[in-house]
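Listed below, chain by chain, are the residues.
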Number of protein chains: 2
Amino acid sequence: MNRIILITLFVFSTCQFSFSQTFEGDKKEIEKIVENIESFSKYYTSGDYDALANAYCKEATILPPGADIIKGREAIKKRWILPSGVNVPYHKITPIEIKIIDNYAYDIGYYEGKTIRKDKSEVSWKGKYLIVWKKEDGDWKIYSDAWNKIN
Amino acid sequence: MNRIILITLFVFSTCQFSFSQTFEGDKKEIEKIVENIESFSKYYTSGDYDALANAYCKEATILPPGADIIKGREAIKKRWILPSGVNVPYHKITPIEIKIIDNYAYDIGYYEGKTIRKDKSEVSWKGKYLIVWKKEDGDWKIYSDAWNKIN
């Protein structure tokens with residue numbers, strides 16, 4: 001029933017570097033995690049903070065740069081809410097390695113985005129992340145999420 | 001044979017905050033991970049970079065702030081080597097949550113340390129981390145390691 005797959009895709013970016021994607025685990029479960037990764041960006045760019053918070057486990061932790069560990073869905077939601085007049089019209093997550101182990105999975109990858117500030121100035125950013133996913137109530141949710149910038 | 005344990009210790013620091021430690025998994029395996037965490041600090045403060053590199057899986061990744069993802073034991077070793085005349089006499093890791101899932105474990109916690117620069121000036125630092133451990137050849141090694149500072 002559960003087909004265990006190992007997918008390695010070689011992705012050649014438009015820039016000077018190439019990287020590979022390695023996904024290991026049940027095909028449908030991997031697809032669900034990848035779908036949830038894409039949804040995360042949609043929730044963030046559309047300012048749907050309830051859906052964004054719901055992407056995390058109730059007892060999740062996030063490790064944002066320059067802050068203490070933030071624990072719990074409500075506290076995490078607060079952390080993501082952008083100040084009035086600020087928005088993030090572009091956000092993209094590119095997982096490079098996902099492996100499912102039982103009801104958990106680790107996920108290593110890159111994120112990038114663009115912020116438009118109150119004064120309409122734009123800033124682009126790029127970083128990397130390590131996420132631990134947990135299957136909770138039949139859906140994959142983020143259990144722990146650490147990230148930091150590349151430059 | 002394998003006693004599954006859930007240890008929650010309440011640790012009261014000398015500062016203003018308290019935190020709990022939650023360790024979940026086979027008691028002996030948890031003890032081994034905690035031992036390896038302590039050894040990591042010893043290797044770093046004593047400049048034993050071979051042992052430090054060996055704390056990581058061969059195919060490990062690290063996600064240091066301000067740099068790209070670094071993959072592989074040799075590249076990771078290079079990243080840890082301090083410049084001549086610089087040393088880290090103090091390094092401490094405090095895990096707050098460890099959970100073993102099969103041959104993997106996640107580990108969330110704090111690190112702190114002190115660097116003495118070439119000019120003998122000192123700088124103290126503190127941050128947090130998310131680690132994925134993997135049991136490889138009978139020992140627990142770091143498979144992926146992301147961290148960033150608190151302030």
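Computed from a predicted model, the values in this text were never measured in an experiment. (Residues numbered from 1 in each chain as written. Chains lettered and ligands numbered in written order. Predicted model: local features only at pLDDT ≥ 70, side-chain atom pairs only at ≥ 80, totals over all residues.)

### Considering the overall build of chain A
Alright, step 1. Secondary structure summary: chain A contains three helices and eight strands in total.
Alright, step 2. For chain A, the α and β elements follow one another from N to C terminus as β-β-α-α-β-β-α-β-β-β-β.
Alright, step 3. Within chain A, buried positions represent 30% of all 151 residues.
Alright, step 4. Long-range pairs, those at least 24 residues apart, make up 45% of the contacts in chain A with a sequence separation of at least 6. (Helix = DSSP H or I, 4+ residues; strand = E, 2+ residues; numbered from the N terminus. Buried ≥ 20, exposed ≤ 12 C-beta atoms within 10 Å, placed from the backbone. Contact = placed C-beta atoms within 7 Å.)

### Quick look at the relation of the copies chain B and chain A
In this arrangement, two copies of a chain are superimposed by a rotation about an axis accompanied by a shift along the axis.
Alright, step 1. The transformation that overlays chain B on chain A combines an axial shift of 0.0 Å with a rotation of 180°, and the residual RMSD is 0.0 Å. Here the two chains are linked by the operation of a two-fold rotation axis.
Alright, step 2. Same-surface contact between copies: 100% of interface residues of chain B are shared with the interface of chain A. (Least-squares fit on C-alpha atoms with pLDDT ≥ 70 in both.)

### Observations concerning the pairing of strand E3 (residues 56–63) of chain B
Residue and element names in this part refer to chain B.
Alright, step 1. Of all eight residues in E3, six are buried, a share of seventy percent or more.
Alright, step 2. Relative to strand E8 (residues 139–149), E3 runs parallel, the two sharing four bridges. Residue pairing in the sheet places Leu63 in a bridge with Ala146 of E8.
Alright, step 3. Direction of pairing for E3 relative to strand E4 (residues 70–71): antiparallel, over a ladder of two bridges. Residue Ile62 lies in a different strand from E4, and its bridge partner there is Ile70.
Alright, step 4. Counted between consecutive antiparallel strands, the loop separating E3 from E4 contains six residues, among which Gly66 sits at a positive phi close to 70°. (Pairing = 2+ DSSP bridges.)

### Side note on the environment of Pro83 of chain B
Alright, step 1. As for its position among the elements, Pro83 of chain B is in the loop between helix H3 (73–80) and strand E5 (87–101).
Alright, step 2. Separated by 34 residues in the primary sequence, Pro83 of chain B and Arg117 of chain B have C-alpha atoms spaced 9.3 Å apart.

### Side note on helix H1 (residues 27–46) of chain B
Alright, step 1. An ideal rise of 1.5 Å per residue puts 28 Å on 20 residues; H1 of chain B measures up with 29 Å between its terminal C-alpha atoms.
Alright, step 2. Phi turns positive, to about 70°, at Gly47 of chain B, one or two residues after H1 of chain B. (Expected span 1.5 Å × (residues − 1).)

### Thoughts on unusual backbone geometry
Alright, step 1. The residue Asp102 of chain A is not glycine, and still its phi comes out positive at about 55°.
Alright, step 2. Note on placement: Asp102 of chain A falls in the loop between strand E5 (87–101) and strand E6 (104–116).
Alright, step 3. Positive phi, normally seen in glycine, also occurs at Lys120 of chain B, with a value near 70°.
Alright, step 4. Structurally, the position occupied by Lys120 of chain B is in the loop between strand E6 (104–116) and strand E7 (122–136).
Alright, step 5. C-beta crowding within 10 Å serves as the criterion here: with 7 such atoms nearby, Lys120 of chain B is assigned to the exposed category.

### Details of the interface of chain B and chain A
Alright, step 1. Contact residues are listed per partner, giving 21 residues for chain B and 21 residues for chain A.
Alright, step 2. The biggest single contributor to the side of chain B that touches chain A is E8 of chain B, with four residues.
Alright, step 3. In terms of residue class, the side of chain B that touches chain A is built from 12 nonpolar, five polar and four charged. (Nonpolar A, V, L, I, M, F, W, Y, C, P; charged D, E, K, R; others polar.)

### Quick word on helix H1 (residues 27–46) of chain A
All names here are of chain A.
Alright, step 1. The complete set of buried residues in H1 reads Glu29, Ile30, Ile33, Ile37, Phe40 and Tyr44. The buried residues of H1 all sit within an arc of 110° when viewed along its axis, so they share a single face. Along H1, exposed side chains directed more than 90 degrees from the buried face belong to Lys28, Glu31, Glu35, Glu38 and Lys42. (Arc of directions from axis to C-beta.)

### Notes on the environment of Leu63 of chain B
Alright, step 1. Position of Leu63 of chain B among the secondary structure elements: in strand E3.
Alright, step 2. Sequence separation between Leu63 of chain B and Leu130 of chain B is 67 residues; the distance between their C-alpha atoms is 9.9 Å.
Alright, step 3. In contact with Leu63 of chain B, not counting residues within four places along its chain, are Lys128, Leu130 and Asn148 of chain A together with Ile69, Asp145 and Ala146 of chain B.

### Things to note about the confidence of the model for chain A
Any segment with low pLDDT has predicted coordinates that should not be analysed in fine detail.
Residues and elements named next belong to chain A.
Alright, step 1. Across chain A, the average pLDDT comes to 91, with 87% of residues at or above 70.
Alright, step 2. Scored below 50 in pLDDT, residues 10–17 shows eight contacts in the model against residues more than four places distant or in partner chains.
Alright, step 3. Predicted as a complex, the structure gets a pTM of 0.90 and an ipTM equal to 0.90. (pLDDT = per-residue confidence, 0-100.)

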